[in-house]
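Overview (structure and organization)
Listed below are the residues making up each chain.
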Amino acid sequence: MRSLRPEYRSVGRQTVREDCVAVFKAGCKVALAELQELDSRVSFTSDIWTSSANLGYLCLTAHWIDKGFQFQKRIIAFKKIPYPHSGQAVADLVEKIWTDWKLDDKIFAITLDNSSVNDLAVKHLESRLSEKMLFGASHMHMRCSAHILNLIAQEGMKLIHTTLENIRELLRHIGSSGSRLQVLNSILDELNLSPKKGLALDCPTRWNSTLLMIKEALVLKGALKRYVNDQGSIKGPSLEEWNNAEDMATFLEPFLDATKIFSSVRKPSSHTYIKEVWTIRRLLLLENHKDSAILRELAVRMQKKFDKYWENPNLILTLATIFDPRYKLIFLAFCFKKAYGEGREANARLDYIRDWLKKYYEEYEKACMDQDSSVGSSQGERHISRKRKLDEEFAQFKSENLDLHSTMSELEKYLQEKPIDTDEENFDILQYWKQNCGLYPTLAKMARDFLSVQASSVASESAFSTAGRLTDHLRTSMNSETIECLVCSKDWFGPKEEAFDLNKYLPLIRRSDQ
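Everything numeric here is computed off the predicted structure, so don't read it as measured data. (Residues numbered from 1 in each chain as written. Predicted model: local features only at pLDDT ≥ 70, side-chain atom pairs only at ≥ 80, totals over all residues. Heavy atoms only, no water.)

Turning our eyes to something else, we now look at the overall build of the chain. Counting its regular elements, the chain contains 22 helices and five strands. Evaluated residue by residue, the chain yields a buried proportion of 48% over its 514 residues. Long-range contacts, defined as pairs at least 24 residues apart, comprise 73% of the intrachain contacts of the chain with a sequence gap of at least 6. Summed over all atoms, the accessible surface of the chain reaches about 27100 Å², with 50% contributed by carbon and sulfur. (Helix = DSSP H or I, 4+ residues; strand = E, 2+ residues; numbered from the N terminus. Buried < 20%, exposed > 50% of the residue type's maximum accessible area, 1.4 Å probe, protein only. Contact = heavy atoms within 4.5 Å. Areas by Shrake-Rupley, 256 points an atom, 1.4 Å probe, with all protein chains shown as cover.)

Secondary-structure assignment places H173 in helix 5 (residues 161–175). When neighbours within four sequence positions are excluded, H173 is seen to be in contact with R180, Y227, S233 and I234.

Next up on the list: helix 17 (residues 429–436). Buried within helix 17 are the following residues: I429, L430, Y432, W433 and N436. Within helix 17, the buried residues cover an arc of 155° as seen down the axis, which keeps them to one side. The elements touched by buried residues of helix 17 are strand 2 (56–65), strand 3 (71–80), helix 16 (410–416) and helix 18 (441–450). The opening residue of helix 17, the one whose side-chain oxygen lies 3.1 Å from the backbone nitrogen of L430, is D428. (Arc of directions from axis to C-beta. Polar contact = N/O pair within 3.5 Å; in protein donor to acceptor, adjacent residues only side chain to side chain.)

This next bit is on the environment of E165. With respect to the helices, strands and loops of the structure, E165 is situated in helix 5. Judged by its relative accessible area of 33%, E165 is partly exposed. Residues E165 and G236 lie 71 residues apart in sequence; the distance between their C-alpha atoms is 9.9 Å.

Right, let's talk about the sheet that holds strand 5 (residues 141–143) for a bit. Taken together, five strands build an open sheet; the order of strands is 3-2-1-4-5 and the sheet is mixed. In this open sheet, the two edge strands, each paired with only one partner strand, are strand 3 and strand 5. Within the sheet, the average angular offset between the axes of one strand and its neighbour, ignoring direction, is 25°. Direction of pairing for strand 1 (residues 42–50) relative to strand 2: antiparallel, over a ladder of eight bridges. Looking at the pairing, T50 lines up with G56 of strand 2. (Pairing = 2+ DSSP bridges. Axes fitted to C-alpha atoms, helices over the stretch in contact; angles between N-to-C directions.)

We now examine the nonpolar core. By size, the foremost hydrophobic cluster in this structure holds 98 residues, and its most contacted members are F251, L252, F255, W310, Y360, W433 and F450. Here this core gets ten residues from one element, more than from any other, and that element is helix 9 (residues 239–262). Residues C59, L60, I76 and I483 belong to the second largest nonpolar core, which totals 46 residues. (Core = buried A, V, L, I, M, F, W, Y, C linked by side-chain atoms within 4.5 Å.)

Across all of its chains, the model carries 26 aromatic pairs by this definition. Summarising the aromatic geometry, the rings of W101 and W492 are spaced 6.4 Å apart at their centres and angled 75° between planes, so their arrangement reads as edge-to-face. In this pair, W101 sits in the loop between helix 2 (87–100) and strand 4 (107–112) while W492 sits in helix 21 (residues 480–493), placing the two residues 391 residues apart along the sequence. Judged by relative accessible area, which is 8%, W101 ranks as buried. Residue class for W492 comes out buried when judged on its relative accessible area of 0%. (Phe/Tyr/Trp six-rings, centres within 6.5 Å; stacked < 30°, edge-to-face > 60°.)

Opposite charge on two side chains permits them to pair, given that their charged atoms come into close proximity. Per the counting criterion, the structure on display carries 24 salt bridges. The partner of D491 in a salt bridge is K73, and the shortest N-O contact between them spans 2.7 Å. Taken together, the residues span a long stretch of sequence, with D491 in helix 21 and K73 in strand 3 at a distance of 418 residues. With a shortest N-O distance of 2.7 Å, R128 and E95 are connected by a salt bridge. Of the two residues, R128 is situated in helix 3 (residues 116–129) and E95 in helix 2; the sequence distance between them amounts to 33 residues. Several salt bridges share partner residues, and in doing so they unite D92, E95 and R128 into one network. (Salt bridge = Lys/Arg side-chain N within 4 Å of Asp/Glu carboxyl O.)

For any two helices packed against each other, one specifies the crossing angle of their axes together with the interaxial distance. Direction vectors running N to C along helix 2 and helix 3 enclose 50°, while the axes themselves pass 7 Å from each other. With respect to helix 3, the element helix 2 is oriented oblique. Once helix 2 is placed against helix 3, the crossing between them reads as right-handed. Listed contacts from helix 3 to G87, Q88, V90, A91, D92, V94, E95 and W98 of helix 2 are V117, N118, L120, A121, H124, L125, R128 and L129. Tallied by class, residues from the contact of helix 2 with helix 3 come to nine nonpolar, four polar and three charged. (Parallel < 35°, antiparallel > 145°, perpendicular 65-115°, else oblique. Left-handed = near helix turned anticlockwise from the far one by under 90°. Nonpolar A, V, L, I, M, F, W, Y, C, P; charged D, E, K, R; others polar.)

A few words on the confidence of the model for the chain. When pLDDT is averaged along the chain, the result is 85; 85% of the residues meet or exceed 70. Predicted confidence is poor over residues 375–385, with pLDDT under 50, and the contacts of this stretch with residues over four places away or in other chains come to zero contacts. Segment residues 509–514 is flagged for pLDDT under 50; beyond a separation of four residues in sequence, or across chains, it makes nine contacts in the model. (pLDDT = per-residue confidence, 0-100.)

Now for unusual backbone geometry. A cis geometry characterises the amide bond from Y83 onward to P84, with omega recorded as 0°. Structurally, the position occupied by P84 is in the loop between strand 3 and helix 2. Despite not being glycine, F135 has its phi angle at roughly 55°, a positive value. Examined against the element boundaries, F135 turns out to sit in the loop between helix 3 and strand 5.

Here it is, written out as structure tokens:
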């Protein structure tokens, strides 16, 4: 290299590692300062991943909404977790990360997938954090909605297992040979369809990939049937199986839409939870009355799985719906009456939500008042005694002379106002609260916390793609500290709107290096 370019200076492996560590340490300082300055709570997502070297890693991602009502996300840890991955081990590691980042008193919720290990881990965390969190940490656990949708959809797909296997085997047979794919492309050309460079197979544990495989096969249905008839070397799906696949693809389309919404990591998704869950619920109930025997059985199976997880919707995610000014509490009333009629159960469920909303509001209102009084007390207390009597008299005068609406709480005013009518596709819920934080200061503070909660754990799962590329079979000796540096730094300094400006923090990096 030097013979080609004498001024070139090669950089050694150790130097590269030290530079990466310096960037990571600088990012830690910036992120820590950012989190410590927060006047809101933080929500988290977490998941566990096994590398190609069979080492377990826990990813913990923080989510919050800053003072400017911008949605923020940071991977704050990607650490090796000791085997066995028990609930105790998960809880110990998560708690240590929270302590290291000084977040013990800022935790609002954590979203995890639906494993028994995570359930046990949450129980440990709840017992340890009960004194630092609202209502004894009893509402901190969010079950990953995308994972629940996967379980519901997989339950339905078991019914057409043979159909799926026949489609999968046919696509695998053609895609595994260039000559067979060429034969299929010649048929596609005769049918005026675009040629295929390859045929994508599904991952059987990911229902959405199976749906995409079915949809592609249905587009190629005519060509695939002709291929089977011409070649005679493989058996394809029967006419009934093709019909079943078509019914299934149509049936599962709303599930795919909901999965995409729940998997959003760059904007709030918690306020969409009830609408998406009730859309799925309504679909399953309606399809029970269809003429198709297979759809009736499909809906019955999926309804059982739905009821297991969503008969009683998550409280925090349900409350988050109320902070969408298009829906407020009246949307929940609508959903409950649609589901349970005009009887006692619908009213009881709505009262339950209303009671908890009031409890949370009172806690936030008290915190806001304490914060205001602490600011006021810093100006000195010598004038308080002489002003107290005047303040008390003025408070009495207000209560006697102001109208009813003026004495309502923020919450009452907000709920009494008519939900706004706006274009759903373009509505920016954070912009609404930014514009109305002066009118509803306490509710705006609540909105920042409730809307930061993630409906799925996808934000942490997505880090595993980066980690997988870092720890392939050629890099299995890379230590866990270096892996964490690279994964976190890519998230912090990557090409996205909320990323750190690397140039801005070069002085910190140089100091860390020294």
